[in-house]
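# Descriptive structure summary
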Amino acid sequence: MMFTIDNSILLLIDVQGQLAQLMHERDKLFKSLGNLIQGMEILGVPVIWMEQIPKNLGPTTEAVSKYLTDNAPIEKFSFSCCGEPRFMEEFKKAGRTQVLLTGIETHICVFQTGYDLINKQDCQVQVVTDCVSSRTKENKEIGIQRIVQSGGQVTCVEMVFFELLRAAQGDKFKQIIKLIK
C-alpha cells in the first residue's frame, strides 16, 4: 500500500555527536535528511526526533537539527525507539501507522525500531535508504535487508515526496521540486 500524507510520520533516530561523523557517506546522509525533514514540514507530516543517551553521545548534529525548529528530541536508552515509553506515548498520540524510518545506525537502532513497529505495533514501515547509515556500508545494507525480511519496504527521499504528493501540481509540489533540484 502506498503511503499517504494523512497517515505518515517521519522517525529520525540518533543522528548524534561524534558517532554521526563516522557514518558511511555522512555528507550525503546529512543532505538527504535535511531535504526530507524540510519536505515533511511542507507536506505537514509530523516528525518524531530521537536521541540515544545524549549526555554520552552528544546532541543531534547541527547539519540535521537546524531543520527541526518546531521539535524537541526524545531521549532513549533502549536501542528500539519502541522500548522508550515517551516515544510510544508521542507515537500513539500522532495516530499514524505509516512510518518513514531514518537515522543511524541502520543495523542496530533503525532495524530494531523497524522490527518492533512492524511486528508489535502493526505499522507499515519504509526505510528511507538515503537517510540511514552505519559506520560501514555492509552494516547499512544488512540493516536494510533485515527490515525488508521483517516486512518493511525500501524507499528514497524523492520516492517519498512523489508518493505522498501523488500529482505534479500545486504549491506544495513546487516547494518540493525546489528542495530536490
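Look above for the structure.
Reference entry: report on the structure contained in this document. (Residues numbered from 1 in each chain as written. Predicted model: local features only at pLDDT ≥ 70, side-chain atom pairs only at ≥ 80, totals over all residues. Heavy atoms only, no water.)

It is worth spelling out the overall build of the chain at this point. Secondary structure summary: the chain contains nine helices and six strands in total. In summary, the chain has a C-alpha radius of gyration of 15 Å against a globular reference of 16 Å for 181 residues, a match within 12%. Along the first, second and third principal axes, the C-alpha set of the chain runs to 45 × 35 × 30 Å. In the chain, which comprises 181 residues, the share counted as buried stands at 50%. Total accessible area computed for the chain in this model is approximately 8800 Å², and 51% of it derives from carbon and sulfur atoms. Side chains of the chain carry 20 positive and 21 negative charges; the gap between the two charge centres is 3 Å. (Helix = DSSP H or I, 4+ residues; strand = E, 2+ residues; numbered from the N terminus. Rg over C-alpha atoms; globule rule 2.2 N^0.38 Å. Buried < 20%, exposed > 50% of the residue type's maximum accessible area, 1.4 Å probe, protein only. Areas by Shrake-Rupley, 256 points an atom, 1.4 Å probe, with all protein chains shown as cover. Lys, Arg positive; Asp, Glu negative; His and termini not counted. Charge placed at Lys NZ, Arg CZ, Asp CG, Glu CD.)

Of note, the bond from I104 into E105 is cis; its omega dihedral lies within 30 degrees of zero at -20 degrees. Summarising the element assignment, E105 is placed in the loop between β4 (98-104) and α6 (106-119). Backbone geometry at E25 places phi at a positive 50 degrees, although glycine is not the residue there. Structurally, the position occupied by E25 is in the loop between α1 (17-21) and α2 (26-43). Backbone geometry places R166, a non-glycine residue, at a positive phi of 70 degrees. Secondary-structure assignment places R166 in the loop between α8 (157-165) and α9 (170-180).

This structure, assessed with the given rule, holds three aromatic pairs. On the basis of an interplanar angle of 50 degrees and a centroid distance of 6.0 Å, the ring pair of F111 and Y115 is categorised as tilted. Within this pair, F111 and its partner Y115 are both found in helix α6, separated by four residues, close to a single helical turn. For F111, a relative accessible area of 10% gives the class buried. Take Y115: its relative accessible area is 36%, and that puts it in the partly exposed class. (Phe/Tyr/Trp six-rings, centres within 6.5 Å; stacked < 30°, edge-to-face > 60°.)

Taken as a whole and judged by the stated rule, the model has six salt bridges. Among the salt bridges present, the one from E25 reaches K28, with a minimum N-O distance of 3.7 Å. The class of K28 is exposed, set by a relative accessible area of 56%. E105 is the salt-bridge partner of R135, the closest N and O atoms lying 3.0 Å from each other. Of this pair, R135 sits in the loop between β5 (124-133) and α7 (137-149) while E105 sits in the loop between β4 and α6, and the two are 30 residues apart along the sequence. Residue classification places R135 among the partly exposed residues on the basis of a relative accessible area of 43%. (Salt bridge = Lys/Arg side-chain N within 4 Å of Asp/Glu carboxyl O.)

Our focus in this paragraph is the sheet that holds strand β1 (residues 8-13). The strand order across the open sheet built from six strands is β3-β2-β1-β4-β5-β6, with neighbouring strands paired in parallel fashion. Across the chains shown, the open sheet's two edge strands, defined by having one partner strand only, are β3 (74-76) and β6 (153-155). Averaged over all pairs of adjacent strands, the angle between strand axes in this sheet comes to 30 degrees, irrespective of strand direction. Here α2 sits on the sheet and contacts β1, β2 (47-52), β4 and β5; the angle it forms with β5, its principal contact strand, is near 135 degrees. In the packing of α8 onto the sheet, the strands contacted are β1, β4, β5 and β6, and the crossing angle to β5 comes to about 140 degrees. (Pairing = 2+ DSSP bridges. Axes fitted to C-alpha atoms, helices over the stretch in contact; angles between N-to-C directions. Contact = heavy atoms within 4.5 Å.)

Relative to the helices and strands, E84 is located in the loop between β3 and α5 (85-94). In this structure E84 is buried but unpaired, with R86 as the nearest side chain of opposite charge at 6.6 Å. Look past the residues within four positions of E84 in its chain and what remains in contact with it is M50, I74, E75, K76, F77 and S78.

The values are spatial; any link to function lies outside them.
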